Amino acid sequence: MSSSSLKPTLSSSGRSSDPTGEIHVIVGPMFAGKTTALLRRINSECNNGRNVAMIKSSKDIRYAIDSVVTHDGMKFPCWALPNLLSFKDKLGAEEYDKLDVIGIDEAQFFDDLYDFCCNAADCHGKIVILAGLDGDYMRFFSFLFAYFYFSFHPYETRCELCSKRAFFTLRKTDETKTELIGGSDVYMPVCRQHYVDGQAVMEVTRTVLDSCSEVQTDFCLEEVAVV
Ligand SMILES: Nc1ncnc2c1ncn2[C@@H]1O[C@H](COP(=O)(O)OP(=O)(O)O)[C@@H](O)[C@H]1O
Ligand SMILES: Cc1cn([C@H]2C[C@H](O)[C@@H](COP(=O)(O)O)O2)c(=O)[nH]c1=O
């Protein structure tokens, strides 16, 4: 399929039936082949019949205004935007809902990257593929890398609740301090969906406990039913 003939949003056979989203990150220095890798992934998703949209920052129109372009000239049509949270409005809610995959090039230029990606993956079931610099010319580490460390998963296990691939550790207690030594009494590996569900349950539970001072606070998540 020729990328140059494609509109920014590609219609094909419809949405994936799996509601769980994913975030994939491609990072490295300039000229490392990040955009090439992103285009390869996006083309492959298109060829598999997924609805795809590509976004880049409107700050970067070096090679083209409305295409992502690699240093050696490969192209893919895109939305050039000043921020990501405007994307849904620009595209229209109906078209956004049909999307399976969102590619974002030059991701380091978007201040709202974290909110957009988590929302798209956690709440809307999108597969988000990011490409960006992992550091600037001073070798300062990019927050892009830190925010999305969970998208790099050389070691993985299975979700304790549904057996899908697990990338997250869910804390089962209401303790909020960062360091809390424990084993399976306190933690469990979960998939994205069960992480989101589990956090929501914990949030509600904390609110209830906060408003009811006599209630004992040493509960465990198993007691509050996670589905
Ligand atoms: N110094 C350079 N100037 C221009 N093009 C280069 C240079 N070094 C490598 N390239 C080409 O750029 C390609 C990678 O481009 P691209 O995927 O856009 O990289 P990135 O997005 O990581 O900056 C390489 O395969 C190579 O052909
Ligand atoms: C190192 C560095 C880069 N940039 C800019 C320069 C380019 O517009 C992009 C990187 O593009 P590429 O696709 O990864 O080649 O970022 C910058 O603004 N500041 C820097 O320190």
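Preceding this paragraph is the structure being described.
About the thresholds
Residues numbered from 1 in each chain as written. Chains lettered and ligands numbered in written order. Predicted model: local features only at pLDDT ≥ 70, side-chain atom pairs only at ≥ 80, totals over all residues. Helix = DSSP H or I, 4+ residues; strand = E, 2+ residues; numbered from the N terminus. Buried ≥ 20, exposed ≤ 12 C-beta atoms within 10 Å, placed from the backbone. Contact = placed C-beta atoms within 7 Å. Near = placed C-beta within 6 Å. Nonpolar A, V, L, I, M, F, W, Y, C, P; charged D, E, K, R; others polar. Pairing = 2+ DSSP bridges. Axes fitted to C-alpha atoms, helices over the stretch in contact; angles between N-to-C directions.

Take the overall build of the protein next. A count of helical and extended segments in the protein gives 6 helices and 11 strands. Counting across all 227 residues of the protein, residues that qualify as buried make up 27%. Considering only contacts in the protein between residues 6 or more positions apart, those separated by 24 or more positions represent 70%.

With that settled, consider the site of ligand 2. Ligand 2 sits among Met30, Phe31, Lys34, Thr35, Asp60, Glu106, Leu133, Asp136 and Tyr137. Its residues assigned to classes, the shell around ligand 2 shows 4 nonpolar, 1 polar and 4 charged.

Spatial ordering of the open sheet is given by E1-E7-E6-E2-E5, a layout of 5 strands whose pairing is parallel. The outermost strands of the open sheet, each flanked by one partner alone, are strand E1 (22-28) and strand E5 (79-81). With direction set aside, neighbouring strand axes in the sheet form an average angle of 20 degrees. By the bridge criterion, 7 bridges tie E1 to strand E7 (residues 127-133) in an arrangement that is parallel. Each residue of the ladder has a partner; that of His24, found in E7, is Ile129. The strands touched by helix H1 (residues 34-47) are E1, strand E2 (52-57), strand E6 (101-105) and E7; relative to E7, the strand with the most contacts, the crossing angle is about 165 degrees. The strands touched by helix H4 (residues 113-123) are E1, E6 and E7; relative to E7, the strand with the most contacts, the crossing angle is about 155 degrees.

In short, shape yes, function no, at least from these values alone.
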